[in-house]
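Here is what each chain is made of, one letter per residue.
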Amino acid sequence: MTVEKQREVIRLWNELRKLQGPAAEELRIQILECFSKEDKARRAV
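Read on for an overview of the structure. (Residues numbered from 1 in each chain as written. Predicted model: local features only at pLDDT ≥ 70, side-chain atom pairs only at ≥ 80, totals over all residues. Heavy atoms only, no water.)

1. Quick word on the overall build of the protein
Applied cut-off: Comment: elements are numbered from the N terminus, with helices defined as DSSP H or I runs of at least four residues and strands as E runs of at least two. Each residue is placed in one exposure class: buried if its accessible area under a 1.4 Å probe, protein chains only, is under 20% of its type's maximum, exposed if it is over 50%, and partly exposed if it falls in between. Residue exposure ignores everything except the shown protein chains as possible cover, and the areas themselves are Shrake-Rupley values with a 1.4 Å probe. Positive: Lys, Arg. Negative: Asp, Glu. His and the chain ends are not part of the count. The location of each charge is read from NZ of Lys, CZ of Arg, CG of Asp or CD of Glu.
When helices and strands are tallied, the protein shows two helices and zero strands. Along the first, second and third principal axes, the C-alpha set of the protein runs to 35 × 20 × 10 Å. Here the protein, with 45 residues, has 7% of them falling under the buried criterion. Taken as a whole, the protein presents about 4200 Å² of accessible surface, with 59% of it coming from carbon and sulfur. Charged side chains of the protein number 10 positive and 8 negative; the gap between the two group centres comes to 3 Å.

Printed below as a string of structure tokens:
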């Protein structure tokens, strides 16, 4: 992931943290799962 993409993800994450409710929580969980899978794939290489 490029630095620009990382900054955009962080910016969006910070905006998402301001939101409440089950939909916002589900999005946060999905984002964290994506990063977890990416990290595991990187370690396997």
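Once the structure has been displayed, the description carries forward.
2. Comments concerning the pattern of salt bridges
The test is simple: A side-chain nitrogen of Lys or Arg and a carboxyl oxygen of Asp or Glu constitute a salt bridge if their distance falls within 4 Å.
For the structure on display, the rule yields three salt bridges. Glu-8 is the partner of Arg-11 in a salt bridge, and the nearest nitrogen-oxygen pair spans 2.8 Å. Of this pair, Arg-11 and Glu-8 are both found in helix H1 (residues 3-17), three residues apart, which corresponds to roughly one turn of the helix. According to the relative accessible area criterion, Arg-11 is partly exposed, its value standing at 42%. What makes Glu-8 partly exposed here is its relative accessible area of 36%.

3. Side note on the environment of Arg-28
In plain terms, the rule: Contacts: residue pairs with any heavy atoms within 4.5 Å of one another.
As for its position among the elements, Arg-28 is in helix H2 (residues 22-44). With relative accessibility at 15%, the residue Arg-28 sits in the buried group. In sequence terms Arg-28 and Met-1 are 27 residues apart; their C-alpha atoms lie 19 Å from each other. Contacts of Arg-28, omitting those with residues within four sequence positions, involve Trp-13, Leu-16, Arg-17 and Leu-19.

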